[in-house]
Amino acid sequence: MLVILGFAMIAVFMVLIMTKKLTPVLALIIVPTVFGLFAGAGLGIGDMVMDSMKAMTSTAALLMFAIIYFGLMIDVGLFDPLVRFILRKLGNDPAKVVLGTAILAAAVSLDGDGSTTFILTTAAMLPIYLRLKMSPVVLTCVAGLANGTMNIVPWGGPTARAASALKIDVNEVFVPMLPSLLAGIAVVLAFAWLLGLQERNRLRATQPEIWGVPDTAEAFDGGTPAGGSAGGARGTSFVPATGGPAVDGSAPSTGVAVLERTETLVDDNHTAMADTALDPNRKTLRPKLQWFNLGLTVAVMGMLIADLVPLPYVFMVGSAIALLVNFPHVKDQAAQIVAHAPSIVAVVSMVMAAAVLTGVLTGTGMVEAMSAWLVQIIPSSMGPFMAVITGVLSIPMTFFMSNDAFYFGVLPVLSETAGHYGISAAEMARASITGQPFHMQSPLVPAILLLVSLAKVDLGDHHKKVLWRSAVVSLVMLGIGVLTGAIGIG
């Protein structure tokens with residue numbers, strides 16, 4: 001009964017948010033409450049949720065003050081030079097912008113922290129997406145894919161958990177998985193390019209008065225830049241045509257789908273940033289404090305990596321110092337906090353609501369029952385394929401439960417069974433981390449809630465675009481692991 005209720009609860013939750021029948025916050029509260037009562041939790045359901053919520057308070061505090069800190073850094077202009085640099089390199093071709101998003105998210109993900117990755121990626125790229133009228137869902141999809149794939153780095157968490165649970169060295173798990181990691185990143189970049197091409201075509205179809213319609217493919221891939229010489233699309237970008245206003249705010253262009261040099265997008269007055277979160281004329285800019293803010297941010301990130309003190313406290317102190325120095329007047333400090341209140345409420349409320357789902361799953365015993373059932377239904381004839389099976393199971397199971405529950409509760413049982421068929425603990429650990437691209441899209445992961453909140457994207461819309469792609473990335477990583485021998489068959 002608990003197994004049925006557990007899977008039914010998750011299925012109902014996913015259907016409700018993907019069909020937009022309920023907001024994620026309401027679904028996270030109402031659905032587990034109903035199923036928890038059916039599971040016999042009774043009045044004890046309150047204690048289950050409170051126990052789970054206590055474990056999430058530090059996460060909520062981290063996200064709250066991280067939003068304040070990085071939101072403040074955006075307001076004072078710390079990231080303006082970065083965005084202008086990206087614009088100069090990528091231009092305003094949607095395909096290049098989306099590919100750049102994937103590369104940036106993957107690079108920042110090297111710090112092993114999803115929240116930091118999503119904050120920095122959104123800060124740098126969202127203004128560009130909004131300016132070019134691109135879909136923010138594409139941004140969250142690509143950033144989520146890149147971060148999920150990079151999440152298997154030893155300091156990211158899952159690899160260390162798998163190694164600890166099976167009592168093996170973490171390098172023994174990670175190093176043989178490097179080919180799988182590279183293959184996963186390659187797939188992510190391919191998805192990013194294809195999504196970028198889709199955005200380019202969508203903009204041409206929905207806004208022909210702005211983006212124009214090219215006569216031939218050469219207009220995008222090998223045409224002659226307006227005002228420049230022939231030589232392909234390198235250093236050029238897709239810009240409006242046929243009478244519509246140019247993206248850089250210049251006079252309407254003439255002709256059909258011309259290419260212009262990207263320098264026009266970021267002129268001396270930075271007009272491309274007008275009316276965005278990076279408007280060069282906003283009153284909150286603090287150009288004289290640019291180096292101070294950069295130094296403070298480097299110090300905060302250094303403390304994050306060093307892990308000397310709890311991260312929520314790091315961002316609390318960082319936010320306090322940043323507010324005090326950049327906005328010495330009390331009225332301005334209060335205004336800055338209020339300005340970021342919508343983002344804070346959105347993400348913190350979702351984290352607190354997720355405590356209901358995790359509390360019911362754990363408190364009623366659903367997680368244990370679901371795990372035991374999955375182990376039992378694997379026939380003995382499939383024993384030699386336990387590593388591959390574990391990799392496949394890690395995709396849905398790490399989505400529906402925490403990494404701790406899977407790696408410390410389920411993986412040891414699966415590994416013990418696999419040992420009878422000559423499959424080593426290291427191979428099982430490697431297989432178990434291939435589901436991380438899918439895991440990172442789970443509503444139980446606070447970082448993904450932060451991402452969709454910052455980008456103002458509906459979680460259901462994000463899941464529609466990202467889930468099947470993340471499953472493909474996970475399966476590719478698993479397949480490459482098998483081909484290279486990192487994940488063996490008994």
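Residues numbered from 1 in each chain as written. Predicted model: local features only at pLDDT ≥ 70, side-chain atom pairs only at ≥ 80, totals over all residues. Heavy atoms only, no water.

Further remarks concern the overall build of the protein. Check the secondary structure of the protein and you find 23 helices and 2 strands. Partitioning the intrachain contacts of the protein with sequence separation of at least 6 by distance along the chain shows that 77% fall at a separation of at least 24. By element, 68% of the accessible surface of the protein is carried by carbon and sulfur atoms, the whole surface being about 20,000 Å². (Helix = DSSP H or I, 4+ residues; strand = E, 2+ residues; numbered from the N terminus. Contact = heavy atoms within 4.5 Å. Areas by Shrake-Rupley, 256 points an atom, 1.4 Å probe, with all protein chains shown as cover.)

Turning our eyes to something else, we now look at the packing of helix α6 (residues 114–131) against helix α7 (residues 136–150). Relative orientation of the contacting elements α6 and α7 amounts to 150°, with a least axis distance of 10 Å. When the interaxial angle is binned, α6 and α7 end up roughly antiparallel. In this structure, the crossing between α6 and α7 has a hand that is right-handed. In this structure, α6 contributes Gly114, Thr117, Phe118, Thr121, Thr122, Met125, Leu126, Tyr129 and Leu130 to the contact, and α7 contributes Pro136, Val138, Leu139, Ala143, Gly144 and Asn147. (Axes fitted to C-alpha atoms, helices over the stretch in contact; angles between N-to-C directions. Parallel < 35°, antiparallel > 145°, perpendicular 65-115°, else oblique. Left-handed = near helix turned anticlockwise from the far one by under 90°.)

Next up on the list: helix α3 (residues 45–76). Over its 32 residues, α3 extends 45 Å from the first C-alpha to the last, a length consistent with the 46 Å expected when each residue adds 1.5 Å. Along its length, α3 shows its largest kink, about 40°, at methionine 56. Glycine 77 occupies a position one or two residues after α3 and carries a positive phi of about 100°. (Expected span 1.5 Å × (residues − 1). Bend = angle between axes of the 7 residues up to and from the residue.)

On to a nonpolar patch on the surface. Residues Phe292, Tyr313, Met316, Val317, Ile321, Leu324 and Val325 make up a contiguous nonpolar surface patch of roughly 580 Å² in combined accessible area. Ranked by residues supplied to the nonpolar patch, first place goes to helix α14 (residues 311–326) with 6 residues. Along the chain, the position of phenylalanine 292 falls in helix α13 (residues 290–306). (Patch = residues over 30% accessible without salt bridge, like charges linked within 9 Å, V, L, I, M, F, W, Y side chains within 5 Å. Salt bridge = Lys/Arg side-chain N within 4 Å of Asp/Glu carboxyl O.)

Below, the discussion takes up the pattern of salt bridges. Across all of its chains, the model carries 2 salt bridges by this definition. A salt bridge links arginine 200 to aspartate 93, with the nearest nitrogen and oxygen atoms 2.6 Å apart. Within this pair, whereas arginine 200 is found in helix α10 (residues 178–206), its partner aspartate 93 is found in the loop between α4 (80–90) and α5 (94–108), the two being separated by 107 residues in sequence. In this structure, arginine 200 and aspartate 93 share a single accessibility class: buried. Glutamate 199 is the partner of arginine 202 in a salt bridge, and the nearest nitrogen-oxygen pair spans 2.9 Å. Highlighted residues: arginine 202 and glutamate 199, both in helix α10, separated by 3 residues, approximately one helical turn. Owing to a relative accessible area of 29%, arginine 202 belongs among the partly exposed residues under this scheme. Given a relative accessible area of 5%, glutamate 199 falls into the buried group. (Buried < 20%, exposed > 50% of the residue type's maximum accessible area, 1.4 Å probe, protein only.)

On inspection of all chains with the given rule, the structure shows 3 aromatic pairs. Ring geometry for tyrosine 69 and phenylalanine 315: centres 6.2 Å apart, planes at 65°, overall edge-to-face. A residue pair is termed long-range when its members are at least 10 positions apart, and tyrosine 69 in helix α3 and phenylalanine 315 in helix α14 qualify at 246 residues. Taking relative accessible area as the criterion, phenylalanine 315 reaches 3% and is therefore assigned buried. Look at phenylalanine 191 and tryptophan 468: their rings are 5.5 Å apart centre to centre, the planes differ by 85°, and that puts the pair in the edge-to-face class. Taken together, the residues phenylalanine 191 in helix α10 and tryptophan 468 in helix α23 (residues 459–484) connect sequence positions 277 residues apart. Classification of phenylalanine 191 by relative accessible area gives buried; the value is 12%. (Phe/Tyr/Trp six-rings, centres within 6.5 Å; stacked < 30°, edge-to-face > 60°.)

Our next topic: α14. The terminal C-alpha atoms of α14 lie 22 Å apart, and with 16 residues this matches the ideal 22 Å at 1.5 Å per residue to within 8%. Restricting attention to buried positions, one finds in α14 the residues Leu311, Pro312, Val314, Phe315, Gly318, Ser319, Ala322, Leu323 and Asn326. One side of α14 holds all its buried residues, which, seen down the axis, span an arc of 150°. Of the exposed residues in α14, those oriented more than 90 degrees away from the buried face are Tyr313 and Leu324. (Arc of directions from axis to C-beta.)

Bringing unusual backbone geometry into the picture now. Despite not being glycine, lysine 133 has its phi angle at roughly 60°, a positive value. Its location among the elements puts lysine 133 in the loop between α6 and α7. Looking at lysine 133, the relative accessible area reads 47%, which means it is partly exposed. Unlike most non-glycine residues, lysine 456 shows phi in positive territory, near 55°. Along the polypeptide, lysine 456 turns up in the loop between α22 (446–454) and α23.

Mapped onto the secondary structure, alanine 8 falls in helix α1 (residues 2–18). Through-space distance from the C-alpha of alanine 8 to that of valine 31 is 10.0 Å; in sequence the pair is 23 residues apart.

So, about the confidence of the model for the protein. Atomic detail in the predicted coordinates should be set aside for any region of low pLDDT. Summary statistics for the protein give a mean pLDDT of 78 and a share of 82% for residues scoring 70 or more. For the stretch residues 214–272, pLDDT sits under 50, and the model shows 114 contacts to residues farther than four places along the chain or on other chains. (pLDDT = per-residue confidence, 0-100.)

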